[in-house]
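Close look at the chain arrangement
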Amino acid sequence: MERLAAKEPAVLLSDEQKQRIAEIEAKCKADIAAKELLLQGEVAKATAAGSHDEIAQLRRQLADEIRRFEEKRDREKDAVRRGS
């Protein structure tokens, strides 16, 4: 624990920063859930049609979208931590 603190000192956040970070987390989770619901419907249609290639493509698309949302979340949280 002490070695970690020596490498990266703890950042003290204000209540406002903590609240903003919580809002960013909640928005990211909501965006991911909405995208999952949308694409799950598309996957169900592709499954019914027997289109395995389309199913794989939709799953890759979902993974890409989740990664994009998470990267955006991390950038926004870093900006809040820096006070930007």
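The present account deals with the structure reproduced in this document.

Criteria and thresholds
- Residues numbered from 1 in each chain as written.
- Predicted model: local features only at pLDDT ≥ 70, side-chain atom pairs only at ≥ 80, totals over all residues.
- Heavy atoms only, no water.
- Helix = DSSP H or I, 4+ residues; strand = E, 2+ residues; numbered from the N terminus.
- Polar contact = N/O pair within 3.5 Å; in protein donor to acceptor, adjacent residues only side chain to side chain.
- 1 Å grid on protein atoms, 1.4 Å probe; cavity = no way out; pocket = protein on both sides within 12 Å on 5 of 7 lines; lining within 4 Å.
- Points joined across faces, edges and corners; volume = space filled by probe spheres on them.
- Nonpolar A, V, L, I, M, F, W, Y, C, P; charged D, E, K, R; others polar.

One can find glutamate 65 in helix H3 (residues 52-82). A distance of 2.7 Å separates the side chain of glutamate 65 from the side chain of arginine 68, its partner in a polar contact.

Enumeration according to the criterion identifies one cavity of 30 Å³ or more in this entry. Surrounding the largest cavity, Ile24, Lys27, Cys28, Asp31, Phe69, Lys72, Arg73 and Glu76 form its lining. Mapped by element, the contributors of at least two residues to the lining of the largest cavity are helix H2 (15-49) and H3. Among the residues forming the lining of the largest cavity, the class breakdown is three nonpolar, no polar and five charged.

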